[in-house]
Amino acid sequence: PTPDYTPRIGLFELKENGKIDLVKEILLKDRDGKVISGLPNTGDLGGTGETPYTVDGKPILVDMNKPFDKTSNPLKLDMYGLDSEGLVALSDGTFWISDEYGPHMVHYDANGKEIGRINAFPKDSRNTHFLPLEFGNRRANRGMEGLAITPDEKTLVGIMQSTMYNPSKKVKKLDITRIVTVNLESGKISQYLYRQEKAQNSNSEIVAVGPTEFLVIERDGKFIKDTPNPMKRVYKIDLSTGTDLETIPSEEDLVVQDVELGLTINGNTLEQIVLLGGWDLLMSYGIKPVSKTLVVDMVKEVGYPHDKMEGLWVMANGQLGVLNDDDFATWSTKGKLHQKMLDSNTVDGNTLYIVDMK
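Summarised in this report is the structure supplied together with it. Residue positions are given per chain, counted from 1 along the sequence in the order it is written. The predicted origin of the model limits local features to residues at a pLDDT of at least 70 and limits the giving and counting of side-chain atom pairs to 80 or more, whereas totals for whole chains, interfaces and linings rest on all residues. Hydrogens are left out, water is left out, and the side-chain values use all remaining heavy atoms of the structure.

## Description of the pattern of salt bridges
Moving on, step 1. Salt bridge, as applied in this entry: a Lys or Arg side-chain nitrogen positioned within 4 Å of an Asp or Glu carboxyl oxygen. The final tally for this structure, using the stated rule, is 22 salt bridges.
Moving on, step 2. In this structure, Glu13 engages Lys15 in a salt bridge whose closest nitrogen and oxygen atoms are separated by 3.6 Å.
Moving on, step 3. Think of it in three bands: with a 1.4 Å probe and only protein chains considered, a residue is buried below 20% of the maximum accessible area for its type, exposed above 50%, and partly exposed in between. Residue Glu13 is classed as partly exposed on the basis of its relative accessible area of 39%.
Moving on, step 4. Between Lys66 and Asp63 there is a salt bridge, with its nearest N and O atoms 4.0 Å apart.

## Considering the packing of aromatic side chains
Moving on, step 1. Any Phe, Tyr or Trp ring, taking Trp's six-membered ring, that has another such ring centre within 6.5 Å forms a pair; planes under 30 degrees apart are called stacked, those over 60 apart edge-to-face, and the others tilted. Here the structure, examined in full by the defined rule, presents two aromatic pairs.
Moving on, step 2. Taking 6.1 Å as the distance between ring centres and 80 degrees as the angle between the ring planes, the aromatic pair formed by Tyr5 and Phe328 counts as edge-to-face. Placement of Tyr5 in the segment before strand S1 (8-14) and of Phe328 in the loop between strand S20 (319-324) and strand S21 (330-333) is noted, with a sequence separation of 323 residues between them.
Moving on, step 3. When the ring of Tyr304 is compared with that of Tyr353, the centres are 5.4 Å apart and the planes differ by 50 degrees; the resulting orientation is tilted. Of this pair, Tyr304 sits in the loop between helix H2 (298-302) and strand S19 (309-314) while Tyr353 sits in strand S25 (residues 352-356), and the two are 49 residues apart along the sequence. When sorted by exposure, Tyr304 lands in the same class as Tyr353, which is buried.
Moving on, step 4. The aromatic ring of Tyr235 is capped on one face by Lys292, whose charged end is 4.3 Å from the ring centroid. For the purposes of this entry, the term helix denotes a DSSP run of H or I that reaches at least four residues, the term strand denotes a run of E that reaches at least two, and both are numbered from the N terminus. Charge over a ring is defined by NZ of Lys or CZ of Arg lying within 6 Å of the ring centre and within 35 degrees of the ring normal.

## Overview of the sheet that holds strand S13 (residues 213-219)
Moving on, step 1. Strands are treated as partners if at least two bridges between them are detected by DSSP. Taken in spatial order, the four strands line up as S12-S13-S14-S18 in an open sheet, and their pairing is antiparallel. Among the strands making up the open sheet, the edge pair consists of strand S12 (202-208) and strand S18 (291-297). Adjacent strand axes in the sheet meet at a mean angle of 30 degrees when their direction is disregarded.
Moving on, step 2. Bridge count between S13 and strand S14 (residues 232-238): seven bridges; the pairing is antiparallel. Bridge pairing in S14 links Phe214 to Ile237. Lines fitted to C-alpha atoms define the axes here, with helix axes fitted over just the stretch in contact, and angles between the N-to-C directions of these axes take values from 0 to 180 degrees.

## Quick notes on the nonpolar core
Considering soluble globular proteins, one finds that nonpolar side chains tend to be buried as a cluster.
Moving on, step 1. By convention a nonpolar core is built from buried Ala, Val, Leu, Ile, Met, Phe, Trp, Tyr and Cys residues, the set being connected through side-chain atoms within 4.5 Å. Core analysis: the largest hydrophobic core is formed by 17 residues, its most contacted members being Trp96, Met105 and Leu131.
Moving on, step 2. Listed by contribution, the elements that provide at least two residues to this core are strand S8 (144-149), strand S9 (155-160) and strand S10 (176-183).
Moving on, step 3. At three residues, the largest contribution of residues to this core is made by S8.
Moving on, step 4. Excluding anything up to four places from it in sequence, Trp96 contacts Gly86, Leu87, Val88, Leu90, Met105, Val106, His107, Ile118, Leu147, Leu156 and Leu184. Whether two residues are in contact is decided by their heavy atoms, any of which lying within 4.5 Å being enough.

## Focus: the environment of Arg219
Moving on, step 1. Mapped onto the fold, Arg219 is located in strand S13.
Moving on, step 2. What makes Arg219 buried here is its relative accessible area of 3%.
Moving on, step 3. Sequence separation between Arg219 and Thr155 is 64 residues; the distance between their C-alpha atoms is 25 Å.
Moving on, step 4. Within the structure, the side chain of Arg219 is placed 2.9 Å from the side chain of Ser204, a separation counted as a polar contact. Pairs of N or O atoms are called polar contacts if they sit within 3.5 Å, as long as, within protein, a hydrogen donor faces a hydrogen acceptor (for residues adjacent in sequence, only side-chain-to-side-chain pairs).

## Topic: the side chain of Asn166
Moving on, step 1. One can find Asn166 in the loop between S9 and S10.
Moving on, step 2. Given the relative accessible area of 0%, Asn166 is considered buried.
Moving on, step 3. Within the local environment of Asn166, its side chain forms a polar contact with the side chain of Asn137, the two groups lying 3.0 Å apart.
Moving on, step 4. One polar contact links the side chain of Asn166 to the main-chain carbonyl oxygen of Leu261, over a distance of 3.1 Å.
Moving on, step 5. Setting aside chain neighbours within four positions, we find Asn166 in contact with Glu134, Asn137, Val171, Arg178, Leu261, Thr269, Glu271 and Gln272.

## Regarding the sheet that holds S8
Moving on, step 1. Overall, antiparallel pairing links the four strands, which are arranged S8-S9-S10-S11 in an open sheet. The sheet is open, and its two borders are formed by S8 and strand S11 (189-195), each paired with just one other strand. When strand polarity is set aside, the average angle formed by the axes of neighbouring strands in this sheet is 20 degrees.
Moving on, step 2. In this structure, S10 lies alongside S11, joined through seven bridges in antiparallel fashion. From the neighbouring strand, Arg178 faces S11, where its bridge partner is Leu193.

## Quick word on the environment of Asp175
Moving on, step 1. Along the polypeptide, Asp175 turns up in the loop between S9 and S10.
Moving on, step 2. The exposure class of Asp175 is buried, given its relative accessible area of 15%.
Moving on, step 3. Taking the C-alpha atoms as reference, Asp175 lies 7.0 Å from Asn201; in sequence the two are 26 residues apart.
Moving on, step 4. Discounting chain neighbours no more than four positions away, the residues touching Asp175 are Thr163, Tyr194, Arg195, Gln196, Lys198, Ala199, Val274 and Trp279.
Moving on, step 5. A distance of 2.8 Å separates a polar atom in the side chain of Asp175 from a polar atom in the side chain of Trp279.

Below, the structure is given as structure tokens:
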């Protein structure tokens with residue numbers, strides 16, 4: 001609802017009395033130092049037909065004073081635009097950010113200027129390394145929600161929010177998501193599967209707690225006001241327990257590392273295999289998801305009232321900070337914008353919960 005908003009990094013301080021102060025903001029900029037927007041990308045750089053709208057529901061055009069024309073006055077898009085989601089802060093003062101559009105992984109200097117990029121689009125000359133092409137088949141608005149880096153700061157680890165449309169939306173209603181790792185020095189890729197607790201859940205964040213161990217958020221999109229048992233959980237996973245899909249060799253026509261679809265079995269993507277025969281069929285080919293153990297159930301712990309659980313902060317004292325996404329405290333029903341409510345009297349808002357890790 002705010003088309004000219006610039007995605008940014010905020011430095012916050014948590015006071016002893018529970019107040020949270022914004023200390024500093026870093027506006028994100030392209031390689032020429034111009035601030036970027038949150039507008040969708042062009043189709044060749046990750047856009048999948050998202051339409052940007054004004055607060056009153058009008059499509060955002062290059063010239064808002066003229067009618068839409070596909071050639072002379074098209075939708076206003078931004079090749080540097082980000083729907084920013086995951087954030088990694090490095091010890092050298094730079095940042096990596098992942099987003100839902102590409103999905104892109106973008107490297108910014110300490111002042112917010114782009115200095116590197118990783119995505120799944122071979123024609124993108126900005127890239128330093130490339131993701132496997134199948135990541136371009138992400139489901140719209142459910143791209144790379146979480147981003148982490150290993151403790152040695154050598155390997156980025158991204159997790160997709162939901163089942164990718166690999167090869168099409170026919171696999172939408174599944175519980176299979178993907179994790180990708182990128183060695184920042186060599187560009188070497190590894191890829192793993194994550195099995196969700198129920199179909200169409202979301203993985204919204206990932207944080208490293210060891211070389212191969214990570215905390216991840218898994219959630220549904222329900223409010224506690226609407227259902228007695230929404231799912232808002234943090235799990236611990238270990239990549240070393242899962243099958244690295246990139247290490248499986250092709251075996252004639254049975255198992256093939258397809259350039260556009262990734263690993264296929266009998267001509268089917270891994271998503272199609274799960275659709276056809278479930279995880280048992282996939283594991284019969286020796287492909288296992290990463291292990292997971294429950295760390296905290298936020299509904300049981302604090303009666304978590306929000307629909308979206310999207311931020312994780314592993315604190316030095318062993319506690320865990322959990323943040324929600326309030327969507328600017330707005331929501332849309334049948335194309336009409338309105339307040340996002342936790343109950344009849346409470347507008348949703350960003351809230352930090354601090355809990356003990358089990």
